[in-house]
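Read off the chains here:
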8 protein chains.
Amino acid sequence: MERDALKEMLGQVRRGKMTVKAALEKMKHWPVENLPFAAIDHHRGLRQGSPEVIFCPGKETGQIVEIVDRMVEAGENVLATRADREVYNALREKFPEAAYNAAARVLTVVRKKVRTTRGSVLVMTAGTSDIPVAEEAVETLRIFGSRVMKAYDAGVAGLHRLLQHQGKLRRARVLVVVAGMDGVLPSVVGGLTDRPLVAVPTSVGYGAGQGGIAPLLTMLNSCASGIGVVNIDNGFGAAVLAHRINLLGEKRKR
Amino acid sequence: MERDALKEMLGQVRRGKMTVKAALEKMKHWPVENLPFAAIDHHRGLRQGSPEVIFCPGKETGQIVEIVDRMVEAGENVLATRADREVYNALREKFPEAAYNAAARVLTVVRKKVRTTRGSVLVMTAGTSDIPVAEEAVETLRIFGSRVMKAYDAGVAGLHRLLQHQGKLRRARVLVVVAGMDGVLPSVVGGLTDRPLVAVPTSVGYGAGQGGIAPLLTMLNSCASGIGVVNIDNGFGAAVLAHRINLLGEKRKR
Amino acid sequence: MERDALKEMLGQVRRGKMTVKAALEKMKHWPVENLPFAAIDHHRGLRQGSPEVIFCPGKETGQIVEIVDRMVEAGENVLATRADREVYNALREKFPEAAYNAAARVLTVVRKKVRTTRGSVLVMTAGTSDIPVAEEAVETLRIFGSRVMKAYDAGVAGLHRLLQHQGKLRRARVLVVVAGMDGVLPSVVGGLTDRPLVAVPTSVGYGAGQGGIAPLLTMLNSCASGIGVVNIDNGFGAAVLAHRINLLGEKRKR
Amino acid sequence: MERDALKEMLGQVRRGKMTVKAALEKMKHWPVENLPFAAIDHHRGLRQGSPEVIFCPGKETGQIVEIVDRMVEAGENVLATRADREVYNALREKFPEAAYNAAARVLTVVRKKVRTTRGSVLVMTAGTSDIPVAEEAVETLRIFGSRVMKAYDAGVAGLHRLLQHQGKLRRARVLVVVAGMDGVLPSVVGGLTDRPLVAVPTSVGYGAGQGGIAPLLTMLNSCASGIGVVNIDNGFGAAVLAHRINLLGEKRKR
Amino acid sequence: MERDALKEMLGQVRRGKMTVKAALEKMKHWPVENLPFAAIDHHRGLRQGSPEVIFCPGKETGQIVEIVDRMVEAGENVLATRADREVYNALREKFPEAAYNAAARVLTVVRKKVRTTRGSVLVMTAGTSDIPVAEEAVETLRIFGSRVMKAYDAGVAGLHRLLQHQGKLRRARVLVVVAGMDGVLPSVVGGLTDRPLVAVPTSVGYGAGQGGIAPLLTMLNSCASGIGVVNIDNGFGAAVLAHRINLLGEKRKR
Amino acid sequence: MERDALKEMLGQVRRGKMTVKAALEKMKHWPVENLPFAAIDHHRGLRQGSPEVIFCPGKETGQIVEIVDRMVEAGENVLATRADREVYNALREKFPEAAYNAAARVLTVVRKKVRTTRGSVLVMTAGTSDIPVAEEAVETLRIFGSRVMKAYDAGVAGLHRLLQHQGKLRRARVLVVVAGMDGVLPSVVGGLTDRPLVAVPTSVGYGAGQGGIAPLLTMLNSCASGIGVVNIDNGFGAAVLAHRINLLGEKRKR
Amino acid sequence: MERDALKEMLGQVRRGKMTVKAALEKMKHWPVENLPFAAIDHHRGLRQGSPEVIFCPGKETGQIVEIVDRMVEAGENVLATRADREVYNALREKFPEAAYNAAARVLTVVRKKVRTTRGSVLVMTAGTSDIPVAEEAVETLRIFGSRVMKAYDAGVAGLHRLLQHQGKLRRARVLVVVAGMDGVLPSVVGGLTDRPLVAVPTSVGYGAGQGGIAPLLTMLNSCASGIGVVNIDNGFGAAVLAHRINLLGEKRKR
Amino acid sequence: MERDALKEMLGQVRRGKMTVKAALEKMKHWPVENLPFAAIDHHRGLRQGSPEVIFCPGKETGQIVEIVDRMVEAGENVLATRADREVYNALREKFPEAAYNAAARVLTVVRKKVRTTRGSVLVMTAGTSDIPVAEEAVETLRIFGSRVMKAYDAGVAGLHRLLQHQGKLRRARVLVVVAGMDGVLPSVVGGLTDRPLVAVPTSVGYGAGQGGIAPLLTMLNSCASGIGVVNIDNGFGAAVLAHRINLLGEKRKR
C-alpha cells in the first residue's frame, strides 16, 4: 500500500504538482516503516522453499492449528517444534499428510516437494538419550532441504564406537554433534575432521552442571577449533546453521 | 550526500526524464541506508544541548584527547566517564575549562552554558564508599542539565540518618539511590516516597555476593514498587534515566 | 488512640496541670511509634485514587476474597496479581464488576472511576510468549490511571517488525519493553528513543540462562542508556514505575 | 557393655590378677569407641528437657510414627519438622496430645511439662508469606522452652509498620527475623537494636535470586553488625540458636 | 534544636496562645526527623563503653587519621578494621597508645579502660591461614570487653587436634569458629557443644568454591544446629554478635 | 567383514598377486575403523565377569526389558540403575531371579556366580537420607564382586556415632563415603584413615547450595588428602572406582 | 619404524614364511598405536597451506621463538595468538618478515604465499573495545586464506550505524560478529541475513554478567537462528570456523 | 603425661586405695583428650616413610624455613607445595640437598632414602600448560614412594597423540589425568582403561567456565566410570590418592 502512496507522490512530482523540494521535505518526515523495505528483506526471496516454523511452547493447540492452517493455505511447508502429540492429533484430521516425530516432538506438514542438497549433514549423538535433540535437528534439516546422515550413540567411552563412523565423517560436508553429560564428543570429533562442526549440548545428565551447563562449557572450551555452539537442546538452531553452511557448498543451479 | 542523489532523481522525474515506474523500481533496490533517515533520528534534534559522552576504558589517552578535541570544535560540551587523571592532565593544557572530579573519575569540558531544570534529582548513597558512583551520576546529571540535590551516607544502619533527609525526599522529582553491601537503602527509601526511583548497586563489599551481586539482587527483589535498577556501578546510566524522567516534569518552554 | 493520649497531655499543659519541662521530658521517653506518624505517610495522601494491590501467591482463595471484600467496602478499586481463575470464580458472584485477564492472571474490581492520564505508556513485547507479563503491566497501568498503547511481537529478528511501530515510539511518554530469550529488544528500542524506558526480562526461554537470567543480564548491560530494569516477569513493578514517571508529565490539575 | 569390660579389667587389677603396666598397655590399644564416652556428651546432661527432633523429609509415615513411639515411651517430648498432615493423622490416634501446626508443618507431642524462660525471643517476619518459616521457629522455641513474642508482617515497605513493634524490640532478649524477597528487614531491625539477631532468609520470591539466594546475600552483607544467618527457610535452626542464646540470660536456677 | 521548637510550642499552649487542637494539627505535619528521637536510640545509652568503629577500605589515610582524632577527643576508644600499616604509622606519632595487630590488620586506640566480661568467647580456627580473620574477631572482642580464649589450628584432619581443646569448649560461653577450605570445623564443634556458635567462613582455599563460597555453603548447610553464619572473612561481625550474646550471660551489675 | 578384506589382501600378497609395497600403500590409506580393533579393547577381556550395566532414565520399560533379555541370553549378569519398580514388575515374570532394591532403585539379574574379593569396601553415610545413594553403590559393588561393609548414619553431629565404626574403618581396603547437607563426613573420616576414599555428595538438603552443590564443594575442598570425588548422587560411579581400587589389593589368582 | 615391522611381516607372507591366518592373528593383537595412522590424519593433507598455530599464554618467550624457528624451517607460515610485544621483539631480528598486530596481540610469519578465497568473511564489531578480538579473527582469517571485509563499531545503539553496512552484509559469504556488553549485535544482524553467522562474545563490560557472561548468554539465546557461538574473546576459534565454512563456497579448483 | 595420671590411678586400684566403682566413676568424667589416643592414630605408624608436607601459601618465608628445619631435624623428608623460589633460595644454604621444581613450585628435602613401589602411576596431561599441575603430582608421588611414568601433551585434539601412549596406559597401575580447557582427556582415557583414574581439572583456559570450572564439570559428568575427581589444580591431592591406591597393589613385604 505504501507503494501506492509513493507512486502517487512521484506522479505529482512528474506532473509538476509537487516541487522536488517539497517531495524531499515530505520524504524526510516519512517514517521509515512506510518506505518500501524490499532492500532489507531482499535476500528473503532467496529463501523461497524454506518452511514456515512454529515454536509451540506457550501456544494453545487451537492457536497452533490455526497458524498451520493459514500457512498451508499460503502454500508453505510447515515445521512445528516442541509439539505435543495432542497438537498432532488435532492436525491430522485436517491434514492427512501431517507427520509427527514423537521422539523429536517435531510435527511437519509437507505439501510442496522439498529440493534436497547433494552435500549432506552428518548428525551424531554421544548417547541414546541425546537422540530426541538430534531428531529435532534431522527433521529440521530435511524440511529445509539438507541431505542427512546419522551416527547415533557414537559416544567416546568406547573409542571404537566413534571410529567406526569415520567414513561418514569424511563424506559429510557439515557436522552436527549432539551430546549431554560431559559433552566430550565434539572435542574428539573435532580432532578427526576439518569440516565445520555445530555442537549441541543437551540437558541429559544429573548432579553438578546439570541441565546442560556441563556439556555447554565443555563445548565452548573445546581444544578443537572450528566448533560453533548453540543453546542447550537447540536441535532446531543447530540445523538452521548447518543447513546454511551446507547450502554454500551447493553449485549455483540450486 | 544521499539527499543529493534523491534530489537528482526526483528532478529527473519532474523533468520527465524518468518515469514514475522507473523511479519506483530504482527506489525498491535502493539500499535502506542510503535513504534519508531523518525520521529515525528525528528526536535527536530535541536532544540539542546534550553533551557528547566518552566511555574511556579501552581507549588510549591520545585517542581520548583527539575525540574531545573534535567534539569541542563541533561546539559540544563533553563528558568523559571513568577517566584517569592522566587524561585530565593531557587535556587541561589545551582546554583550561576542563574540570576533573577525581572521586567520580569524570572529566567535563563545558563551553556552552547548560540550561538547568527547575525540578531536581536527589542522589543518595548508603555509605561513604558509594560516593564515587554517586558522583558519576551527579556530574552526568549536571552536564545534561538536571538540578541535583545530595544526601550521602544516609544508610539504614541508623534509621535516623535516613529520616533526617525526609525534606529532600519530598522535594525531589526523581531519586537516584546508590548502595553497595546489602543494597537495602532503595527498599527503605522506596517505602517513603512515591517518586520514580533509580537504584544503583555498587561493587562495594566483600565475601559472598561481592562485586555488587548482593545489592543488585536486593534491588531487583525489592518489596517496594516503582524502582528501576541499572547495572552495578553504573552511575552514568542511572543519571541518563533520571534526567529523562526529570525532563518530563518540566514545562514546555524548556 | 495515641492521639488521645497526646491531646490529653497537651490539655494538661494548657490547663497548667503539667509544666512545659515535664511535657518535654515525657515526650522524650515516648516511644516513636506512639507519635502521630502522619508526616511519614503524608505523601500517601497524594496517591488517592491508587488501587489497593494484592499479590496472590501464598494466599488462600478464602483469604483473598476476604481482603478484597474489605477493600471494596472501603471504597477502593482492587488489583490482584498472579491470581488463579479459581479466585475470580469465587469473587464474581459477590462483585459482578470483577474482571479477569486470564493471560495476565490479573483480577480487577473497579467501582470508582479511574482518571486517566493524557500522556501514554507504550508497552512492547519481543515475542508472543512475553505477552502475559506485558498484560500484567497493562492491567496495572490502567487501574492506576495511565493511558496505554501496545506493540506486541515487535521482536528484533525481523527489524521491519519493530520499525513499523515507530509512530507509537514517538508518541509515547514512557516505554515498558518486555522480552525473554536474548532480551535484545530494549537495547534496540533504546537506540530509537530518548524517552525513559523500563525493561522487563521474562522467564521465557530454555537452556543456558534460562528462567530469565539471560535477558536480565542483557538489559543490565545494555549499550543504550536510560534503561531501568525490574525483576524477571515483574510486569506489575514495571507498570508502577512507568506510571510514576508518566504522572510527572501531566499538568498540575491532575 | 564396654563399661563391663572396663569394670572387669579394673577388678583384675584390684585383685592383683593384672599388673598396672599390663592394664596400661591394654588400654593403649583399646579402640577409642570402646571407652566410656561420657565426657564428650557430658554437657548433654544439661540439655535434659530438650525434645527429641525428627526431620521428616525422606522418611515414610510408618517410620516416623515408629520413631515417635519410641521417643514418647522414653519419656521425651517430640518435635517433628516438615511433617505432612498425613503423619499427624497417623499419629493422633495413638497420641491424642499430638498437635499439628499446619502452616509451619510442625508436629509436636508434649507430655512432659516444658519449663519456660523468663526472657523472650521475638520472632518477626517481613511479609505474610514468610510466616510458615517463622512458625517453625516459634514451635521449636516453645518446645525447647523459650518464651516467644511475635511481630509478623512488619516489612520495611511502610516504615511505620516496623516502628509500631518498637516496644517488643526493646523487651526481647534475642531476635529471629525472617524475610524473603529482598531480605531487607534484618538490616533495618539491626539498626534499631543491640540484641543478638538471628536472620532467616526464606525462599519467598521469584525471578533473579529466587529460591532465597537474594535475601541470603542481603543478610550476609548486612551493614548492621551482630547478625548471624542460617540457611534458607531454616526456621528450626534459627530457633535452636536463639534458644541457646536466650538460655544464657537466664539465672542459674534454671 | 528541635527541642527548642517543641518547648516553644508547648509554652504557647501553656500560655493559652495556642489551642490543643492547633498544637495537635501542627504536630501532625511535623516531620518525623524533627521530633526528639531519643526513643529510637535509647538503648544506645546502654552501649556506653562500646568503641567507635572504622571500616578502612575506601578511605584515605588522612581521612582515617582525622576521624580517629575526633573520636579520641570525644573520649572514645577506637577500633579500625582492615587498616594498612601505613595508617598505623601515621597515627602512632599522635597517639602513642595506638596498637596495631598486623595479622588482623586491626588498629586500636584505647584510652578508656575496657571493662571485661567474666564469661569468655572461644575463638577457634581450622588452620593457620584462618588466623588473620580470627585475630580480627579477637581484637574486636577485646575492645568491646569480652574475655577471649583461643584455640588455633584445631582443624579436623587430625581429630585429636580438635579434641585436645575440649576443656576450653566446655568453659566458653560462646564460640566463634573460623574456617576456610572445606569449612568443616563448625559442624564438628557443633556436635560437641550446646553453646551458641558463630561460624566464619574465610576466603582461604583455591579452585572450585574459592573465595570462601565452599566453607560458607558448608556452614549454612551444617547438620549441627545452633550455628549462626556471618559473611566470608567477617571476623568483626562475628565478634560483635558473639559479644552481644556473651553480654546476656553477665550478671545485672555490669 | 573387514577381516575378509584384509584376508583377501594378505592372500594376494602370499600368492604374489600384490607386491609388499603395494600392500603397504593400500594399508596406509585404509581407514582406521576397518582395521581389527581388538587391541584397543583387549583389556576388556580382563573384565570378564563384569556385569552389563543399564542406566535407565530416558529409556522406556519395553526397551529396558529387551536389552536385559539380550544380555541375559548372552550369559551376562545385569545391573540396571535408577530403575522404576515398573521395570522390575515387567522383568520378574521372565526372570524370576531378578531382584529389586527399592531404596537404591537398582535392579539386578544374577545367573552367573559372582566371585567375591577378599578385601572389602566400606560404604558409609552421614545420614539416613543418604542411604539410597549408598545402596546404589552397595548393589554395584556386589555385582562387580567386591565384598561390602556398611556404616550408615555415621554423621558427624555426634562424633561418637562416627567413632563407633572405627573397627570397620581399620579393616576396609577402600572407603566410599556418602553425604549430603554439609558433606562433612569424608573430611572427618579422611583424618582417621590412610585408605583411598571415594566421596559421594548427595542432593539431600535445601536452601543455599541445594541439589548437592554444598557437599560437592566441601568434598573438593577437603583438608584431608587422598579423597576422590564423583558427581552428585553417583553411587554407581563411586562403586566402579572403589571396585577397581579394591581389585588392586587382591592376589594375582583372581 | 612401525612401517618396517609391517613391511617385514608382509614380506614373510609374500615369501610364504607366514600363513595368511597367522598374519591376521598377529595383526589382531597389534596395538593400534603401532599401525600406520595415516588414515586418521589423511584429511590433513587437504589442509595444506594452513599455518601452524601457537597459543602463547603459559609459554616463555624463548620457547615460542624456538617453536617458530622449527616451523619456519619446515616451510610453514606461522600464526601466534595472544603474543606479547616482547615475543615479537625477540623474533623480528631473526625473521624480518614477522609482523605484529598489537591490538590483536597476533604475530605472523608469512613466507609462503597464502592463496586467498574469492568469497569473503565479514568481521563486525559492536563497539571499538571489541576490535582486538575482531582483529585476532581477521589476522587468523588472512593467514588461513579467507578474504576479509570489516565493519567495526556497527553497534545497535544507533540503528543507522548498523544499516549503513548493509551492502557488506549482502556481499559476505560468512559473518563473524563480535560484541561485548549486552551482546545484542548478532541477534540484530541475524535478522538481516541468511548467511551462516559466527558470534563471538567479548569480555568487554562491567558489573553483572561481566567477563563476557552477559553477551555469551545473549548469543546462545538469540531469537535469530543460524548462529554458532564460540567462547568469550575467542576470535581465533571464530575465524577457523568461518574459514572452514567459507571454503565450502569455493569452486573445486582451489 | 596423662599416662602418668592413669598409671597412678590404676596403682591405687591395685593397692586397694580406690574401689573399682570409684575408678569407673572417675574415668567417666575423664575428658576424652586426656586418654591415651594411640588407637585413633595407630595407623599413622604404618605411614612411616611418608614425608611431612607444607602448604606454603599464607606462610612467610621465615616461618617455612623454620618448619622445614624442625622436620629435617626430626629425620623426616620434607615436601613443600606452592613454594616460591625465594623460599628455595632461603633453604638451600642450610640444606644443600634441597631441590626445587620451578614449574611445579614444589620444594623437596630428601635425606632418608625413599622406598619405591614396583607398580607405577601414569601422570598424563592434555596440554603443555597443564604440566605444572602434573609436576606437582609427580614430585609428590616420588617423595611418597610411587614409581612414576609420564605422558604429557597427550591431548585429544589429535587422537593419535593420545593413542601413542597406549603402552603406558596398559602398564600403569593407577592413572592421574590432568586437563584444563574442556577437560576431555579423562573421559577418553577412561574409555581405554579399567584402572582407577584420578582426574585433575586445571585452571588453564579463559572465557566461560574459566578458572577450571569447565573441566571440573566435564570430569564430574564423565560418561566413563571409575573416575575420581579432585579440586582444580590440586596435583598434590591427586598424588596422595593415587599413591594410596598404588600401595594396595604392592605385595605385603613393603
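Structure shown above.
What you see is a predicted model, and the numbers here were worked out from it, not measured in a lab.

What counts, and at which threshold
- Residues numbered from 1 in each chain as written.
- Chains lettered and ligands numbered in written order.
- Predicted model: local features only at pLDDT ≥ 70, side-chain atom pairs only at ≥ 80, totals over all residues.
- Heavy atoms only, no water.
- Least-squares fit on C-alpha atoms with pLDDT ≥ 70 in both.
- Contact = heavy atoms within 4.5 Å.
- Pairing = 2+ DSSP bridges.
- Helix = DSSP H or I, 4+ residues; strand = E, 2+ residues; numbered from the N terminus.
- Axes fitted to C-alpha atoms, helices over the stretch in contact; angles between N-to-C directions.
- Salt bridge = Lys/Arg side-chain N within 4 Å of Asp/Glu carboxyl O.
- Buried < 20%, exposed > 50% of the residue type's maximum accessible area, 1.4 Å probe, protein only.
- Right-handed = clockwise from strand over helix to strand, strands pointing away.
- Polar contact = N/O pair within 3.5 Å; in protein donor to acceptor, adjacent residues only side chain to side chain.
- Parallel < 35°, antiparallel > 145°, perpendicular 65-115°, else oblique.
- Left-handed = near helix turned anticlockwise from the far one by under 90°.
- Nonpolar A, V, L, I, M, F, W, Y, C, P; charged D, E, K, R; others polar.
- Arc of directions from axis to C-beta.

## Considerations on the relation of the copies chain B and chain C
Phase 1 of the analysis: Once chain B has been moved 0.0 Å along the axis and rotated by 180°, it coincides with chain C to within an RMSD of 0.2 Å. Here the copies are linked by what is in effect a two-fold axis.
Phase 2 of the analysis: Interface overlap between copies is the fraction of interface residues in one copy that are interface residues in the other; for chain B against chain C it reaches 100%, indicating a shared surface.

## Examining the sheet that holds strand 2 (residues 78–81) of chain C
Residue and element names in this part refer to chain C.
Phase 1 of the analysis: Here four strands make up an open sheet; going across it, the order is 1-2-4-3 and the pairing mixed. In this open sheet, the two edge strands, each paired with only one partner strand, are strand 1 (52–55) and strand 3 (98–101). Strand-to-strand, the axes of this sheet are offset by a mean angle of 15°, without reference to chain direction.
Phase 2 of the analysis: Taken together, the three bridges between strand 2 and strand 4 (residues 106–109) define a ladder with antiparallel strand orientation. The residue bridging Ala80 from the neighbouring strand is Leu107, located in strand 4.
Phase 3 of the analysis: Here helix 6 (residues 131–144) sits on the sheet and contacts strand 1, strand 2, strand 3 and strand 4; the angle it forms with strand 2, its principal contact strand, is near 165°.

## Topic: the pattern of salt bridges
Residue and element names in this part refer to chain D.
Phase 1 of the analysis: Counted by the stated rule, this structure contains 56 salt bridges over all chains.
Phase 2 of the analysis: One salt bridge in this structure joins Lys150 and Glu135, with 2.9 Å as the shortest N-O distance. Of the two residues, Lys150 sits in strand 6 (residues 147–151) while Glu135 sits in helix 6 (residues 131–144), which places them 15 residues apart along the sequence.
Phase 3 of the analysis: According to the relative accessible area criterion, Glu135 is buried, its value standing at 10%.

## Brief notes about the pairing of strand 5 (residues 120–125) of chain B
Residue and element names in this part refer to chain B.
Phase 1 of the analysis: Counting buried residues in strand 5 gives six out of six residues, a clear majority hidden from the surface.
Phase 2 of the analysis: The alternating pattern of strand 5 places Ser120, Leu122 and Met124 and Val121, Val123 and Thr125 on opposite faces, both of which are buried.
Phase 3 of the analysis: Pairing between strand 5 and strand 6 (residues 147–151): five bridges, direction parallel. Its bridge partner lying in strand 6, Met124 is registered against Ala151.
Phase 4 of the analysis: At this point the chain moves from strand 5, through helix 6 (residues 131–144), to the parallel strand 6, and the crossover so formed is right-handed.
Phase 5 of the analysis: Here five bridges tie strand 5 to strand 7 (residues 174–179), and the two strands are oriented parallel to one another. Within the sheet, the bridge partner assigned to Val123 lies in strand 7 and is Val176.

## Regarding the sheet that holds strand 1 (residues 52–55) of chain B
Residue and element names in this part refer to chain B.
Phase 1 of the analysis: Across the sheet, four strands lie side by side as 1-2-4-3; this open sheet has mixed pairing. Each edge of the sheet is formed by a strand with only one pairing partner; in this case those strands are strand 1 and strand 3 (98–101). Direction aside, neighbouring strands of the sheet carry axes that sit 15° apart on average.

## Details of the pairing of strand 4 (residues 106–109) of chain G
All names here are of chain G.
Phase 1 of the analysis: Here strand 4 shows no split at all, with Val106 and Thr108 on one side and Leu107 and Val109 on the other all buried.
Phase 2 of the analysis: In the sheet, strand 3 (residues 98–101) pairs with strand 4 via four bridges, with the strands oriented antiparallel. Its bridge partner being in strand 4, Asn101 is matched across the sheet by Val106.
Phase 3 of the analysis: Taken together, strand 3 and the strand that follows it, strand 4, pair antiparallel across an intervening segment of four residues, in which Arg105 is found at a positive phi of about 55°.

## Considerations on the environment of Asn221 of chain E
Phase 1 of the analysis: With respect to the helices, strands and loops of the structure, Asn221 of chain E is situated in the loop between helix 10 (213–220) and strand 9 (227–229).
Phase 2 of the analysis: On a C-alpha basis, the gap between Asn221 of chain E and Val189 of chain E in space is 14 Å, while along the polypeptide they are 32 residues apart.
Phase 3 of the analysis: Dropping the residues within four chain positions of it, Asn221 of chain E is found in contact with Asn231 of chain D together with Met181, Asp182, Tyr206, Ala208 and Ala214 of chain F.
Phase 4 of the analysis: Side-chain polar atoms of Asn221 of chain E contact the backbone oxygen of Leu217 of chain E, separated by 2.8 Å.

## As for the packing of helix 10 (residues 213–220) of chain C against helix 10 (residues 213–220) of chain G
Phase 1 of the analysis: It is the contact of helix 10 of chain C with helix 10 of chain G, at a shortest axis distance of 8 Å, that shows an interaxial angle of 125°. By the angle class used here, helix 10 of chain C and helix 10 of chain G are oblique. Between helix 10 of chain C and helix 10 of chain G lies a crossing of left-handed hand. On the side of helix 10 of chain C, the interface is formed by Ile213, Ala214, Leu217 and Thr218 of chain C, while helix 10 of chain G contributes Ile213, Ala214, Leu217 and Thr218 of chain G.
Phase 2 of the analysis: Of the residues in the contact of helix 10 of chain C with helix 10 of chain G, the class split is six nonpolar, two polar and no charged.

## A look at helix 5 (residues 85–92) of chain G
Residue and element names in this part refer to chain G.
Phase 1 of the analysis: Turning to helix 5, its buried residues number three or more, namely Val87, Tyr88 and Leu91. Take helix 5 and look down its axis: the buried residues cluster within an arc of 100°, on one side only.
Phase 2 of the analysis: Turning to helix 5, the residues buried within the fold contact helix 4 (61–73), strand 3 and strand 4.

## What to know about the packing of helix 6 of chain C against helix 11 (residues 235–248) of chain C
Residue and element names in this part refer to chain C.
Phase 1 of the analysis: Packing of helix 6 against helix 11 brings their axes to within 7 Å, and their N-to-C directions diverge by 40°. The angle between the axes of helix 6 and helix 11 places the two elements in the oblique class. Taken as a pair, helix 6 and helix 11 cross one another with a handedness that is right-handed. Residues Val133, Glu136, Ala137, Thr140, Leu141 and Phe144 of helix 6 touch helix 11, and the partners they reach there are Gly235, Phe236, Ala239, Val240, Ala242 and His243.
Phase 2 of the analysis: Of the residues belonging to the contact of helix 6 with helix 11, the class tally is eight nonpolar, three polar and one charged.

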